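Residue-level structure breakdown
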Amino acid sequence: MVLLPRTIYVDLDDVLCQAARHFLVIIDREFGKQITYEQLTHFDVGHSCGLTPDERDELYRIVHRPDELLRMAPIAEAIEVLKRWRAEGFGVAIVTGRPPESYEVSLAWLAKHEIPHSSLTVVDKYSRFATENTKAITLAELSTRQFCWAVEDSLPMAQFLADRMKFAGSVDRLSVESVQRPA
């Protein structure tokens, strides 16, 4: 009998924390542009808000500062789901596309909000940073890992997971949860 993995891949930004909403606070504060969450039409918030390439670079520099990352609000409903999954015996592998230098502050954010997890992995999801000599791994390295389920908000990343990842065919009991984000 082959034991199937009982670890669930869970993205961090906009799955467990209100990253896009926090981006909008920074865009208002730093660039004087008031955009509502409902106006976001593109995965790249800077693009959605009409920022210039230089402004987008500055936004991503600011948003990844430790003080800004620690200010991001958690999504309470998602945390409750993770607690249920852990109680049911599943591992929770938090995966993020944040830059490698955000690893320690991301761990601090998870601890601050008491988010249950088995691991935190930084993955260069969008070819934005170097992985050599960092805590980050490549997509190729990620594709060697096995998960029984994944929760991901990025369409390109979800497509990668569906096409390349080795997901278990089934598990004893896996409840699929729908997490409604607060309006």
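Just so it is clear, the structure is predicted and the values come from calculations on it, not from any experiment. (Residues numbered from 1 in each chain as written. Predicted model: local features only at pLDDT ≥ 70, side-chain atom pairs only at ≥ 80, totals over all residues. Heavy atoms only, no water.)

**Observations concerning the overall build of the protein chain**
Under the convention used in this document: A run of H or I in DSSP becomes a helix once it reaches four residues, and a run of E becomes a strand once it reaches two; helices and strands are each numbered from the N terminus. Relative accessible area decides the class of each residue, using a 1.4 Å probe on protein chains only: under 20% of the type maximum gives buried, over 50% gives exposed, and in between gives partly exposed. To be clear on the numbers: accessible area is Shrake-Rupley with a 1.4 Å probe, and residue cover counts the displayed protein chains and nothing else.
For the protein chain, the helix and strand inventory stands at 8 helices and 7 strands. For the protein chain, with 183 residues in total, the buried portion stands at 43%. When the accessible area of the protein chain is evaluated, it comes to approximately 9800 Å², of which 52% is carbon and sulfur surface.

**Examining the packing of helix 1 (residues 19-31) against helix 3 (residues 53-63)**
Counted only if it meets this: Here the axes come from fitting lines to C-alpha atoms, over the contacting stretch only for helices, and the angles between their N-to-C directions go from 0 to 180 degrees. Every angle not falling under 35 degrees, over 145, or within 65 to 115 is termed oblique; those three ranges are roughly parallel, roughly antiparallel and roughly perpendicular. A crossing counts as left-handed when the near helix is turned anticlockwise from the far one by less than a right angle, and as right-handed when that turn is clockwise. Throughout, a contact is declared for two residues whenever any of their heavy atoms are within 4.5 Å. In this count, Pro and Cys sit with the nonpolar residues alongside Ala, Val, Leu, Ile, Met, Phe, Trp and Tyr, while Asp, Glu, Lys and Arg are called charged and the others, Gly among them, polar.
Following both chains from N to C, one finds helix 1 and helix 3 inclined at 120 degrees, their axes separated by 10 Å at the closest point. On the basis of the axis angle, helix 1 is oblique to helix 3. When you trace helix 1 past helix 3, the crossing you get is right-handed. Listed contacts from helix 3 to His22, Phe23, Ile26, Ile27, Arg29, Glu30 and Phe31 of helix 1 are Glu55, Glu58, Leu59, Tyr60, Ile62 and Val63. Looking at the contact of helix 1 with helix 3, its residues break down into 8 nonpolar, 1 polar and 4 charged.

**So, the side chain of Arg98**
Note the threshold: What qualifies as a polar contact is a pair of N or O atoms within 3.5 Å, subject to a donor-acceptor requirement within protein and to the restriction that residues adjacent in sequence count only when both atoms come from side chains.
Looking at where Arg98 falls in the secondary structure, it is placed in the loop between strand 2 (91-96) and helix 6 (103-112). Look at Arg98 and you get buried, because its relative accessible area is 1%. A distance of 2.7 Å separates the side chain of Arg98 from the side chain of Asp13, its partner in a polar contact. A polar contact of 2.8 Å, which involves the side chain of Arg98, links it to the side chain of Ser106.

**Considerations on the packing of aromatic side chains**
For any two aromatic rings, the description comes down to two numbers: the centre-to-centre distance and the angle of the planes. Definition in use: Working definition: a ring pair exists when centres of Phe, Tyr or Trp rings (six-membered ring for Trp) sit within 6.5 Å. Plane angles under 30 degrees give stacked, over 60 give edge-to-face, the rest tilted. Lysine and arginine charges are scored as sitting over a ring when NZ or CZ, respectively, is within 6 Å of the ring centre and within 35 degrees of the ring normal.
Applying the stated rule across the entire model yields 3 aromatic pairs. Sitting above the plane of the Tyr37 ring, Arg21 keeps its charged end 3.8 Å from the centroid. One Lys or Arg, Arg128, reaches over the ring of Tyr60 and ends 5.9 Å from the middle of that ring.

**Observations concerning the pattern of salt bridges**
Using the following cut-off: By definition here, a salt bridge exists when the distance from a side-chain nitrogen of Lys or Arg to a carboxyl oxygen of Asp or Glu is within 4 Å.
Using the criterion set out here, one finds 13 salt bridges in the structure. A single network of salt bridges, built from pairs that share partners, joins Arg29, Glu30, Arg65, Asp67, Glu68 and Arg71.

**Some details on unusual backbone geometry**
Of note in the backbone geometry, Glu114 takes a positive phi value of approximately 50 degrees without being a glycine. Taking the relative accessible area as the measure of exposure, Glu114 reaches 61% and is therefore exposed. Even without being a glycine, Asn133 presents a positive backbone phi close to 60 degrees. By the secondary structure assignment, Asn133 is in the loop between strand 3 (119-123) and strand 4 (136-137).

**Notes on helix 8 (residues 155-164)**
The criterion, for reference: In this description, one arc is meant: the one made by directions from the helix axis to the C-beta atoms.
Residues of helix 8 that are buried include every one of Met157, Phe160 and Leu161, and no others. For helix 8, the buried positions fall inside an angular range of 100 degrees around the axis, keeping them on one side. Away from its buried face by more than 90 degrees, helix 8 exposes Leu155, Pro156, Ala162 and Asp163.

**Digging into the pairing of strand 1 (residues 7-11)**
Filter applied, for reference: Think of it this way: DSSP has to see at least two bridges between two strands before they count as a pair.
Within strand 1, 4 of the 5 residues are buried, which leaves it mostly tucked inside the rest of the structure. Judged from the 5 bridges that link them, strand 1 and strand 2 form a sheet pairing that is parallel. Following the sheet pairing, Tyr9 is matched in strand 2 by Ala93. Where strand 1 meets strand 6 (residues 149-151), 3 bridges bridge the pair, whose relative direction is parallel. Note on strand 6: the bridge partner recorded for Tyr9 is Ala150.

None of this, on its own, says anything about what the molecule does.
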